[in-house]
Amino acid sequence: MKSRKDLWSLYSEKVMEHFQNPRNVGEMQSPDGIGHAGNPVCGDIMELYIKVKDDIIIDAKFKTFGCGAAIATSSILTEMVKGKTIEEAMKISNKAVAEALDGLPPIKMHCSVLAEEALGLAIEDYLAKSKRK
Amino acid sequence: MRRIYLDYAATTPTHPLVLKAMLPWFTDGFGNPASIHSFGQEAKGAIEEAREKVARLIGAKSEEIVFTSSGTEADNFAIKGVAYAKEHKGKHIITTAIEHHAVIEPCKFLEKRGFKVTYLPVDKDGLVDPRHVKKAITDETILISVMHANNEIGTIEPIKEIARIANDRGICFHTDAVQTVGHLPVDVDELKVDLVSISAHKFCGPKGVGALYIRKGTKIVPFMHGGEQEHGRRASTQNVPGIVGFGKACELAQKEMGQEKVRLQTLRDKLISGILDRIDDVRLNGHPTQRLPNNVNISLEFVEGESMLLNLDLVGIAASTGSACSSSVLEASHVLLALGLPHELAHSSLRLTLGQETTEKDIDYVLEKLPQIVKKLRVMSPLYKPGKK
């Protein structure tokens with residue numbers, strides 16, 4: 001029965017790896033930008049925190065309530081944005097997030113959309129805050 | 001790795017004696033029960049013997065049992081069959097908000113074709129109030145369908161009282177007893193029900209076979225049209241091995257049900273109290289006592305169900321959830337929402353259903369692993385603010 005399960009598996013190995021060992025979990029002390037995406041009705045809530053220095057995202061953290069795909073996309077997103085300029089980070093699409101995880105099941109693609117949204121909102125928040133300064 | 005199956009409400013393993021009883025009917029006993037020759041008549045004898053066993057388990061007469069391909073088919077048969085047989089008398093059906101999709105969807109289908117359906121609410125424990133049933137009846141009501149026990153939360157409904165109300169008004173009463181037959185005593189005369197849906201694979205029978213009990217005299221339109229099988233009520237060559245296995249499962253259930261119920265109830269209560277003792281912010285879903293002996297359904301606040309299932313699966317525990325994330329329609333369980341649970345709690349639900357292979361050691365293993373998993377996921381959850389509650 002074991003070999004069958006490997007063939008069947010819902011998620012890619014990469015998704016399961018990030019799900020089991022999520023990177024950059026937790027809240028951030030005085031972040032430069034916060035993005036909240038999702039809602040309780042759909043069952044996924046993502047919070048992304050970013051720290052920015054000289055227009056470069058130097059740190060990212062997340063907290064997520066959601067399924068395996070939601071946790072894995074949040075985790076890989078924090079890895080993807082680190083070291084990127086704001087402009088570069090703004091170009092990260094949901095497709096790129098899904099591809100970085102070796103794909104997501106079609107029904108879970110909305111989790112990658114959520115990740116893109118959270119990132120967009122965190123950047124928006126950063127830009128709004130930096131204008132005020 | 002150790003594997004623990006706690007999803008018996010989804011399906012059960014076929015009992016070895018059931019399998020043994022089935023096997024000859026694939027090979028030597030391959031005949032078509034509709035054939036006149038000895039091959040056919042042997043197969044016919046086997047299904048009639050099985051019919052008697054199914055009937056005996058629920059206190060029915062064998063001619064009142066119609067074999068189907070599943071519990072879902074039995075539900076469809078009952079709802080649509082009665083609706084079409086009685087539409088000249090009225091087009092109103094009463095059911096509940098927590099029925100299985102196999103009842104709700106045929107009702108929705110009928111709504112699109114001019115029928116009116118009342119979906120009765122339930123209280124916070126999932127109980128239907130018989131007074132609500134009484135109030136909902138109109139001169140147009142032709143069918144009342146209330147499940148015997150809910151498959152998700154395990155609440156056992158007062159169907160005896162509801163059936164009496166239906167009887168007094170001369171309205172046909174159907175119950176989906178897929179979760180109870182084979183586990184709890186079900187007697188069609190004591191309950192005064194007209195139609196009962198049963199599924200074999202929920203109590204160690206094979207998949208692909210079920211039955212609809214149809215009380216003698218009940219007006220119902222055939223489910224499939226074709227040959228004269230099942231007295232013309234359900235055309236199609238019978239699944240002989242499946243039906244034989246179903247009969248055997250009924251025979252075994254009748255013998256073992258009483259003891260097994262007590263054993264499971266003890267394990268269930270140990271699991272529930274163990275979880276409540278070890279984890280904070282947990283809610284038991286379903287009725288505390290009036291519930292299936294093998295059902296545990298809890299909401300673990302701040303943690304999403306699918307991520308719990310995946311983590312449990314990684315340590316070998318198979319469970320289920322009412323979270324949208326694990327469904328293909330991305331909607332939280334209609335049953336949990338009907339209890340009045342906010343969406344967060346519906347998404348945080350975990351169902352563990354016990355069965356004949358479950359041991360006390362399995363329960364201890366779950367009680368060791370589950371708190372670790374919940375702790376790990378809560379650290380990740382933006383909804384979890386320790387100390388703020």
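Residues numbered from 1 in each chain as written. Chains lettered and ligands numbered in written order. Predicted model: local features only at pLDDT ≥ 70, side-chain atom pairs only at ≥ 80, totals over all residues. Heavy atoms only, no water.

**Concerning the overall build of chain B**
Right, so step 1: For chain B, the count of helices and strands is 12 helices and 12 strands.
Right, so step 2: In terms of overall dimensions, chain B is globule-like: its C-alpha atoms have a radius of gyration of 22 Å, near the 21 Å expected for 389 residues.
Right, so step 3: If one aligns the C-alpha atoms of chain B with their principal axes, the spans along those axes are about 75 × 55 × 35 Å.
Right, so step 4: Residues classed as buried in chain B amount to 58% of the 389 residues present.
Right, so step 5: Put simply, 72% of the contacts in chain B that link residues at least 6 apart link residues at least 24 apart.
Right, so step 6: Carbon and sulfur atoms make up 53% of the accessible area of chain B, which amounts to about 16200 Å² in all.
Right, so step 7: Averaging the coordinates of the 49 positive side-chain charges in chain B and doing the same for the 48 negative ones gives two points 2 Å apart. (Helix = DSSP H or I, 4+ residues; strand = E, 2+ residues; numbered from the N terminus. Rg over C-alpha atoms; globule rule 2.2 N^0.38 Å. Buried < 20%, exposed > 50% of the residue type's maximum accessible area, 1.4 Å probe, protein only. Contact = heavy atoms within 4.5 Å. Areas by Shrake-Rupley, 256 points an atom, 1.4 Å probe, with all protein chains shown as cover. Lys, Arg positive; Asp, Glu negative; His and termini not counted. Charge placed at Lys NZ, Arg CZ, Asp CG, Glu CD.)

**Considering the packing of aromatic side chains**
Residues and elements named next belong to chain B.
Right, so step 1: Under the definition given, this model contains six aromatic pairs over all chains.
Right, so step 2: Each ring, one from F67 and one from F246, has its centre 5.9 Å from the other, and the planes form 70°; the classification is edge-to-face. Remark: F246 occurs in helix 8 (residues 240-278) and F67 occurs in strand 2 (residues 65-68); sequence separation between them is 179 residues. F246 matches F67 in its accessibility class, with the two residues each being buried.
Right, so step 3: Ring centres of F77 and F223 lie 5.7 Å apart, and the angle between their planes is 45°; on these two criteria the pair is classed as tilted. Linking F77 in helix 3 (residues 71-86) with F223 in the loop between strand 8 (210-214) and helix 8, this pair joins segments that are 146 residues apart in sequence.
Right, so step 4: When its relative accessible area of 27% is taken as the criterion, F223 is described as partly exposed. (Phe/Tyr/Trp six-rings, centres within 6.5 Å; stacked < 30°, edge-to-face > 60°.)

**Considering the confidence of the model for chain B**
Right, so step 1: On average, residues of chain B carry a pLDDT of 96, and 98% of them reach 70 or more.
Right, so step 2: In the model output, the complex is listed with pTM 0.94 alongside ipTM 0.92. (pLDDT = per-residue confidence, 0-100.)

**Notes on the interface of chain B and chain A**
Accessible area lost upon the coming together of the parts serves often as the stated size of an interface.
Right, so step 1: Listed as interface residues are 27 residues of chain B and, on the opposing side, 27 residues of chain A.
Right, so step 2: With both chains or domains summed, chain B and chain A bury close to 2200 Å², and 67% of this area falls on carbon and sulfur atoms.
Right, so step 3: The interface formed by chain B and chain A holds one salt bridge in total.
Right, so step 4: For the salt bridge of E306(B) with K108(A), the shortest nitrogen-to-oxygen distance reads 2.8 Å.
Right, so step 5: At the junction of chain B with chain A, the criterion picks out 10 residue pairs in polar contact (both at pLDDT 80 or more). (Buried area = accessible area lost by both parts, 1.4 Å probe. Salt bridge = Lys/Arg side-chain N within 4 Å of Asp/Glu carboxyl O. Polar contact = N/O pair within 3.5 Å; in protein donor to acceptor, adjacent residues only side chain to side chain.)

**Describing helix 9 (residues 305-314) of chain B**
Residues and elements named next belong to chain B.
Right, so step 1: By the criterion of burial, helix 9 is predominantly enclosed, with eight of the 10 residues buried.
Right, so step 2: Among all positions in helix 9, only G305, E306, S307, M308, L309, L310, N311 and L312 are buried.
Right, so step 3: Remark: G316 follows helix 9 within two positions and exhibits a positive phi of approximately 90°.

**Quick notes on unusual backbone geometry**
Residues and elements named next belong to chain B.
Right, so step 1: The residue C204 is not glycine, and still its phi comes out positive at about 70°.
Right, so step 2: Since its relative accessible area comes to 13%, C204 is described here as buried.
Right, so step 3: With phi around 55°, H231 is a residue other than glycine that occupies positive phi space.
Right, so step 4: Counting through the fold element by element, H231 comes out in the loop between strand 8 and helix 8.

**Thoughts on the environment of K135(B)**
Residues and elements named next belong to chain B.
Right, so step 1: Mapped onto the fold, K135 is located in helix 5 (residues 130-136).
Right, so step 2: On the basis of relative accessible area, K135 is assigned to the exposed category, the value being 71%.
Right, so step 3: A C-alpha to C-alpha distance of 45 Å links K135 and I4, two positions 131 residues apart in sequence.

**Here's the deal with the sheet that holds strand 3 (residues 56-65) of chain A**
All names here are of chain A.
Right, so step 1: Taken together, the three strands give an open sheet; going across it, the order is 1-2-3, and neighbouring strands pair in antiparallel fashion. Looking at the sheet topology across the chains shown, the edges are occupied by strand 1 (33-39) and strand 3. Taken pair by pair, the neighbouring strands of this sheet meet at an average axis angle of 15°, ignoring direction.
Right, so step 2: Packed onto the sheet, helix 3 (residues 68-81) meets strand 2 (44-53) and strand 3 and runs at close to 170° relative to strand 3. (Pairing = 2+ DSSP bridges. Axes fitted to C-alpha atoms, helices over the stretch in contact; angles between N-to-C directions.)

**Focus on the pairing of strand 2 of chain B**
Residue and element names in this part refer to chain B.
Right, so step 1: Here strand 2 shows a buried face lined by I65 and F67 and a second buried face lined by V66 and T68.
Right, so step 2: The sheet contact formed by strand 2 and strand 8 spans four bridges and is antiparallel. Bridged to V66 within strand 8 is L212.

**Digging into a negative patch on the surface**
Right, so step 1: Together, D54(A), D55(A), E87(A) and E88(A) make up a negatively charged patch on the protein surface.
Right, so step 2: Structurally, E88(A) can be placed in helix 4 (residues 86-90). (Patch = residues over 30% accessible without salt bridge, like charges linked within 9 Å, V, L, I, M, F, W, Y side chains within 5 Å.)

**Re the packing of helix 3 of chain A against helix 9 of chain B**
Helix-helix packing: each pair is described by the crossing angle between the helix axes and the interaxial distance.
Right, so step 1: One can describe the packing of helix 3 of chain A onto helix 9 of chain B by two numbers: an axis separation of 7 Å at closest approach and a directional angle of 90°. Relative to helix 9 of chain B, the element helix 3 of chain A is oriented roughly perpendicular. Seen from helix 3 of chain A, the contacting residues are G68(A), A69(A) and I71(A); seen from helix 9 of chain B, they are E306(B), S307(B) and L310(B).
Right, so step 2: For the contact of helix 3 of chain A with helix 9 of chain B, the residue count by class is three nonpolar, two polar and one charged. (Parallel < 35°, antiparallel > 145°, perpendicular 65-115°, else oblique. Nonpolar A, V, L, I, M, F, W, Y, C, P; charged D, E, K, R; others polar.)

**A short note on a nonpolar patch on the surface**
Residue and element names in this part refer to chain B.
Right, so step 1: Together, L19, L23 and F26 make up an exposed nonpolar region whose accessible area comes to about 300 Å².
Right, so step 2: Examined against the element boundaries, L19 turns out to sit in helix 1 (residues 16-22).
Right, so step 3: Judged by relative accessible area, L19 falls into the partly exposed class, the value being 42%.

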